[in-house]
Amino acid sequence: MKSIAQIREELESSVNDRETLLAFYEKDSRKGVQTLVAKYRKKAEWLANERMRLQKMREFENKYCQFQAICGVDEAGRGPLAGPVVAGAVILPVDTEILYLNDSKKISASRREELFEEIKEKAVSWALGIASPERIDEINILQATYEAMQQAVTALMPAPDLLLVDAVTIPGVAQKQVGIIKGDARSVSIAAASIVAKVTRDHMMMEMDAQYPEYGFSSHKGYGSPAHIEAIKKYGPSPIHRRTFIKKFVS
């Protein structure tokens, strides 16, 4: 008779025939074996539900499947008082599966980091566009966001032939576009772009924290938290603050 440790190892290493093994070990009366069976049943149920969720997030990718290179585009950092706005553009393979992929705001920072690495590894192509705080002040946040998105799309190799964009239409690009409200929660391509943009911007703000530690950028990433606003009032603006965003906090 196999030990519980041996059964655990067998179940862990057997993916394709795990259901057959579970049905077999359900007949084993040992409590430890039944606990293992319950654990892997629950895991199988979660995986089935996760794959169903991801399939729903492929609605637009499936709808426009006649296009060869579908690119998701999203941004991070339109609202903060400091730092750049960053756009991400990602082309995923048609049959790729990235578990936990979702709107970057709906997942933890540690999960975003893991997904960022997986997206970079599996993507056909991915790219970034960045608009500085100075550029944001010069042309306004919406136009700066468009510029960052244009940069990201232009940098992709191969070039996409369809853009799925979160909520907006990017001016000045040749590709057909589909704007999707709350697209980062409804499209795997846009969700991937949102994670690439968010993680990249967070890394940049943590680097800025080392240069300007008095503002606490590593914790709030430049958003208008009470502590951040108090720091602006106390120390004045840093070189990476958006002057047009902080007028009411500085004289």
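Calculation rules
- Residues numbered from 1 in each chain as written.
- Predicted model: local features only at pLDDT ≥ 70, side-chain atom pairs only at ≥ 80, totals over all residues.
- Heavy atoms only, no water.
- Phe/Tyr/Trp six-rings, centres within 6.5 Å; stacked < 30°, edge-to-face > 60°.
- Helix = DSSP H or I, 4+ residues; strand = E, 2+ residues; numbered from the N terminus.
- Buried < 20%, exposed > 50% of the residue type's maximum accessible area, 1.4 Å probe, protein only.
- Lys NZ or Arg CZ within 6 Å of the ring centre and 35° of its normal.
- Salt bridge = Lys/Arg side-chain N within 4 Å of Asp/Glu carboxyl O.
- Axes fitted to C-alpha atoms, helices over the stretch in contact; angles between N-to-C directions.
- Left-handed = near helix turned anticlockwise from the far one by under 90°.
- Contact = heavy atoms within 4.5 Å.
- Nonpolar A, V, L, I, M, F, W, Y, C, P; charged D, E, K, R; others polar.

## Concerning the packing of aromatic side chains
Phase 1: With the rule as written, the count across this model stands at six aromatic pairs.
Phase 2: Seen in terms of ring centroids, tyrosine 215 and tyrosine 235 are 6.1 Å apart; in terms of plane orientation they differ by 70°. Their pairing is edge-to-face. Taken together, the residues span a long stretch of sequence, with tyrosine 215 in the loop between α8 (188-211) and α9 (217-220) and tyrosine 235 in helix α10 (residues 226-235) at a distance of 20 residues.
Phase 3: With a relative accessible area of 5%, tyrosine 215 lands in the buried category.
Phase 4: For tyrosine 235, a relative accessible area of 43% gives the class partly exposed.
Phase 5: Each residue in the set Tyr215, Phe217 and Tyr235 is aromatic and connected to the rest through ring pairs, giving one cluster.
Phase 6: Positioned above the aromatic ring of phenylalanine 116, the side-chain terminus of lysine 120 is 4.3 Å from the ring centre.
Phase 7: Its guanidinium or amino end placed over the ring of phenylalanine 245, arginine 242 lies 5.0 Å from that ring's centre, counting from NZ or CZ.

## Some points on the pattern of salt bridges
Phase 1: Per the stated rule, a full pass over the model turns up 16 salt bridges.
Phase 2: We note a salt bridge from glutamate 117 to lysine 120, for which the minimum N-O separation is 3.3 Å. Of this pair, glutamate 117 and lysine 120 are both found in helix α5 (residues 109-122), three residues apart, which corresponds to roughly one turn of the helix.
Phase 3: Classification of glutamate 117 by relative accessible area gives partly exposed; the value is 46%.

## Things to note about the packing of α5 against α8
Phase 1: With their axes 9 Å apart at the nearest point, α5 and α8 run at an angle of 115° to one another. For the crossing formed where α5 meets α8, the hand is left-handed. Between α5, through Arg112, Glu113, Leu115, Phe116 and Ile119, and α8, the contact on the second element is made entirely by Ala192, Ile195, Val196, Lys198, Val199, Thr200, Asp202 and His203.
Phase 2: Its residues assigned to classes, the contact of α5 with α8 shows seven nonpolar, two polar and four charged.

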